[in-house]
Every structure is written in structure tokens, then in C-alpha cells.
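Chain by chain, the residues:
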Amino acid sequence: MATKRKPYVREVGCCWWKSNPYYRFYMLRESCSVFTVWVSLLLLLFLFSPSSFAALIRHPVICLLNFAALLASLLHTKTWYDLTPKALNLPEDKLAAIVKWLWVVTIAFSALALLLSLL
Amino acid sequence: MADEKKLLLKIQRYNPERDSAPYFAPYEILWDDQTSFLDALQYLKDNVCPDLSFRSSCRMAICGSCGVMIDGVPKLACKTFVRNYPHGATVEPLANFPVERDLVVDLSHFLEYIEALKPYVIGNTRSPADGPNTQTPAQLARYHKFSMCINCGLCYAACPQFGLNPAFLGPAAITLGHRYNLDSRDYGKNERLRTMNTENGVWSCTFVGYCSEVCPKHADPAAALQQCKADSALNFVASVLKCKKNKEVSHGDKT
């Protein structure tokens, strides 16, 4: 007897991420990488042509882009550190301490970098 | 049901013998504060539409049969209460799986993936005569969370990567494999890693993390996948080093 099965497959559209706030935040988190590419290009320019770099970073649009890159990297750091405990199979109390220390090191390193750049 | 109220549920219907595509049908249900979505579906089947198809068994969030999408979110119908949806809700079959009929989906892929990852103790040669295989609380704690999985498939419905690529082994299967990889009584880690290391294994996961969010037993599949990625990377490095060492040994033999 022929089967009466006719499984219906629901297609996943390219806008699947729009339907759910969790997916939307995931896309926002992942889109931070676009700004990382931007900063990398800027650093490459600094490496190969320091004079052009110095002229470029004073442009208001570039300042805005760099500010957006700063916010994006902060968001990415926050989500990265929040997700770090998932990759480590350790007791809860140790995980909390590790995340705290990650923040301490990040803030200390950022403050040192800022200090050195202002000197 | 002394304090009965009425509520509108939109339920996705699909009869493969009659319909070309699923559609939503509105149904009015009677409910009180103790009515779960599974109770509501059973009420409809008993009183309104006897041909409504859905899976269920234990009614207490243990068997993992009654997974459905409620307002687009994967949930166990028995563990989700109508009182939390005062303005009505839509009920659909689990996302990312082919729909067989109404709220019933085809879980064949999912079950094959679980089987592929060998979620059982491998390589332990102890016999009953050797006595119990003891395990410390610390050893148990390493995998206990991951052993909570009830194979309900909600994590697959929450995983966009599985939706986009149904060949991806997916969260629950990898979590169950990882649960045994972490078990001190098991010696089958390398065997499972061969499957986990493949293109459709752990590396298809992009850490959306929604699987852990919807897991009704808090098994945390996203954590299992990230830990498996670390294991997979270490396994790759170890295999490269081993390969290099073997080459050196074989070259040494030739000279």
C-alpha cells in the first residue's frame, strides 16, 4: 500500500532572525565583527601610512565610526565574558571569580593603554 | 474547574491527505489557573476536534513528547500554563522539523543523530563481579547538568543553524555525547569525537545560545557544545602532533 505520508517542510527564510528578540540580539552581537574589520583596516593604514592615518582620524565621520566601534567592542566584550562560563566546566563559584577577573584585567589593561597614549 | 474562563487558541492544522500546506484554525477553550496547554489540547480533542493530532505521554515534563511552539517559542505543552497567555496564543508544531500532521513532527533525523553520538558507556571492561563502579560527587558534578536532557527536541526547534542545515548533529545529540565524554566510567571519547569533529558536528554551532534558554530541564546544551569545541580543537592539535611524531618515527626507521 502506498504511504499517505506527506511531511511538510517549512522553509527557513533569510530573515529568520527578525522573528525573535533573542535572535535579533544574536545578530547584533555578531555584527560587532564589522566594526572589528573597520578598526583592523584603520590599523593597517597606520602601519603603512602614518601621515594619512593621522589626517583621516580627525574627520568627524571617522570619529563617529570609531565611537560606534568602541560601543560595539564594549557590547561584544560584555556578551563574550557573559558566555565564557559556558565554555568552562567548573563549579559556579569559580566561574563567577573568573568572569570578575576578566573584567579587572580588561579595565586595567584599557586604563594602561589610555595612559600610555596620553603621555 | 469552578472558575472557568474562555480563551482563543490558534492551532496549526495540517492533514497530509487533504491539505497542501498547514493553516491556522481558531479554537475556544475553557480554562482555569491550573490548565496547561496539554490540558487545553486534550480538551479540544475530546470535545471539539477529535482528529487533532499531537504527541504526549507523562504530563509532567519527563517524557519530552509534547514539545510545541507556543507564540513562536519552543515549549513543553504540559509545563506551560494557559494563565500566562491571557490574550490567547498560537500553537504550532516544533520548528525546524518536517510536519507529519497537525502538531506532530518527524523526529527521525534527531533520533539518528543521538544514536550516531553513542550516548552510552563505551570501553568499560568492568563486570558485575568487580562490584560497583564508584564515582565521587566531583566526578558526577562534571556531567550531571548534561544528563538532564529528556530528548524533547525543543533545542532543535530553537537552533537556527539546525533550521538552515538539517544535517547539523544539533544541541541535544552533542550534549548527550558530551555527557558520556565527561563520565569517569567511560572510555569512548575519541570514538565520539570522530563524529563531533566533522563539518556537521560541533563546528556548525555559532553559539546563538537560544537552545539553553528554551531547555525545559536546564541541561545547557550551548555549554556542552562550547566545551566540545574546546575538546575538538585539542583533539585536532593532538592528532597533528601525533601524526608528525609518527612521520618522524617512520622516517627514522627508513634511515
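## Side note on the overall build of chain A
Assigned secondary structure in chain A consists of 4 helices and 0 strands. Reading chain A from its N end, one meets helices and strands in the order α-α-α-α. Against the globule reference of 14 Å for 119 residues, chain A gives a C-alpha radius of gyration of 22 Å, more extended than a compact globule. The 119 residues of chain A split such that 14% are buried. Taking the intrachain contacts of chain A between residues at least 6 apart in sequence as the baseline, contacts between residues at least 24 apart amount to 47%. As displayed, chain A offers around 9,100 Å² of accessible surface, 75% of which is attributable to carbon and sulfur atoms. Separation between the mean location of the 12 positive side-chain charges and that of the 5 negative ones in chain A comes to 9 Å.

## Quick word on the overall build of chain B
Within chain B one finds 9 helices and 7 strands. Along the longest, intermediate and shortest principal axes, the C-alpha atoms of chain B span 85 × 45 × 30 Å. Looking at the 255 residues of chain B, the share that counts as buried comes to 48%. Taking the intrachain contacts of chain B between residues at least 6 apart in sequence as the baseline, contacts between residues at least 24 apart amount to 64%. As displayed, chain B has an accessible area near 12,700 Å², and 54% of this comes from carbon and sulfur atoms. When the 28 basic and 27 acidic side-chain charges of chain B are each reduced to a single mean position, those positions are 8 Å apart.

## Comments concerning the confidence of the model for chain A
Per-residue confidence for chain A gives a mean pLDDT of 93, with 99% of residues at or over 70. The weakest mean pLDDT in chain A belongs to helix α2 (residues 50–56) of chain A at 91; the strongest belongs to helix α1 (residues 21–48) of chain A at 95.

## What to know about the layout of surface pockets
Within this model, the largest pocket holds a volume of roughly 590 Å³. The wall of the largest pocket is formed by 18 residues, among which A:V39, A:N66, A:A69, A:L70 and A:S73 lie closest to the centre. Breaking the lining of the largest pocket down by element, the ones donating at least two residues are α1 and α3 (60–87) of chain A. Per-element tally for the lining of the largest pocket: the top contributor is α1(A), with 8 residues. Its residues placed into classes, the lining of the largest pocket shows 12 nonpolar, 6 polar and no charged. Along its surface, the second largest pocket is lined by 23 residues, and A:S19, A:Y23, B:M69, B:A95 and B:N96 are the ones closest to its centre. Elements supplying a minimum of two residues to the lining of the second largest pocket: α1 of chain A together with β4 (73–76), β5 (89–93) and α5 (160–164) of chain B. Split by residue class, the lining of the second largest pocket holds 13 nonpolar, 6 polar and 4 charged.

## With respect to the interface of chain B and chain A
Facing 39 residues of chain B, the contacting portion of chain A comprises 19 residues. At the junction of chain B and chain A, the tally comes to 3 salt bridges. Between B:E100 and A:R5 there is a salt bridge, with its nearest N and O atoms 2.3 Å apart. Listed by contribution, the elements that provide at least two residues to the side of chain B that touches chain A are β6 (99–101), α4 (154–158), α5, α8 (210–214) and α9 (221–254) of chain B.

## Comments concerning the sheet that holds β4(B)
All names here are of chain B. Across the sheet, 5 strands lie side by side as β2-β1-β5-β3-β4; this open sheet has mixed pairing. The strands lining the two open edges of the sheet, one partner per strand, are β2 (23–31) and β4. Neighbour-to-neighbour, the strand axes of this sheet turn through a mean angle of 35°, independent of strand direction. Strand direction decides the pairing type here: strand β1 (residues 5–13) and β5, joined by 3 bridges, are parallel. Bridge pairing in β5 places L9 opposite A89. Taken strand by strand, helix α1 (residues 37–47) contacts β1, β2, β3 (67–70) and β5, and its axis lies near 100° from that of β2.

## Quick look at α3(A)
All names here are of chain A. The first and last C-alpha atoms of α3 sit 40 Å apart over 28 residues, in line with the 40 Å expected at 1.5 Å per residue. Helix geometry: α3 is bent most strongly at Y81, by close to 25°, with proline P85 lying one to four residues after it. Burial in α3 covers these residues: I62, A69, A72, T79, Y81 and T84. Summarising the contacts, the buried residues of α3 are in contact with α1, α2 and α4 (92–118).

## Notes on a nonpolar patch on the surface
On the surface, a cluster of nonpolar side chains totalling about 570 Å² of accessible area is made up of A:V37, A:L41, A:L44, A:L47 and A:F48. Secondary-structure assignment places A:F48 in helix α1.

## With respect to the environment of A:F46
All names here are of chain A. Following the sequence through the fold, F46 ends up in helix α1. Residue F46 is classed as partly exposed on the basis of its relative accessible area of 42%. For the pair F46 and C14, spaced 32 residues apart in sequence, the C-alpha separation works out to 37 Å.

## A word on the domain arrangement of chain B
Residue and element names in this part refer to chain B. Considered domain by domain, chain B is made up of domain 1 (5–105) and domain 2 (108–242). Taking only C-alpha atoms into account, the centre of domain 1 sits 30 Å from that of domain 2. Taken together, the 15 residues of domain 1 in the interface contact 16 residues of domain 2. Roughly 1,200 Å² is buried in total at the junction of domain 1 and domain 2, and carbon and sulfur atoms are behind 64% of that figure.

Rules used in this analysis
Residues numbered from 1 in each chain as written. Chains lettered and ligands numbered in written order. Predicted model: local features only at pLDDT ≥ 70, side-chain atom pairs only at ≥ 80, totals over all residues. Heavy atoms only, no water. Helix = DSSP H or I, 4+ residues; strand = E, 2+ residues; numbered from the N terminus. Rg over C-alpha atoms; globule rule 2.2 N^0.38 Å. Buried < 20%, exposed > 50% of the residue type's maximum accessible area, 1.4 Å probe, protein only. Contact = heavy atoms within 4.5 Å. Areas by Shrake-Rupley, 256 points an atom, 1.4 Å probe, with all protein chains shown as cover. Lys, Arg positive; Asp, Glu negative; His and termini not counted. Charge placed at Lys NZ, Arg CZ, Asp CG, Glu CD. pLDDT = per-residue confidence, 0-100. 1 Å grid on protein atoms, 1.4 Å probe; cavity = no way out; pocket = protein on both sides within 12 Å on 5 of 7 lines; lining within 4 Å. Points joined across faces, edges and corners; volume = space filled by probe spheres on them. Nonpolar A, V, L, I, M, F, W, Y, C, P; charged D, E, K, R; others polar. Salt bridge = Lys/Arg side-chain N within 4 Å of Asp/Glu carboxyl O. Pairing = 2+ DSSP bridges. Axes fitted to C-alpha atoms, helices over the stretch in contact; angles between N-to-C directions. Expected span 1.5 Å × (residues − 1). Bend = angle between axes of the 7 residues up to and from the residue. Patch = residues over 30% accessible without salt bridge, like charges linked within 9 Å, V, L, I, M, F, W, Y side chains within 5 Å. Domains from an automatic or database assignment. Buried area = accessible area lost by both parts, 1.4 Å probe.

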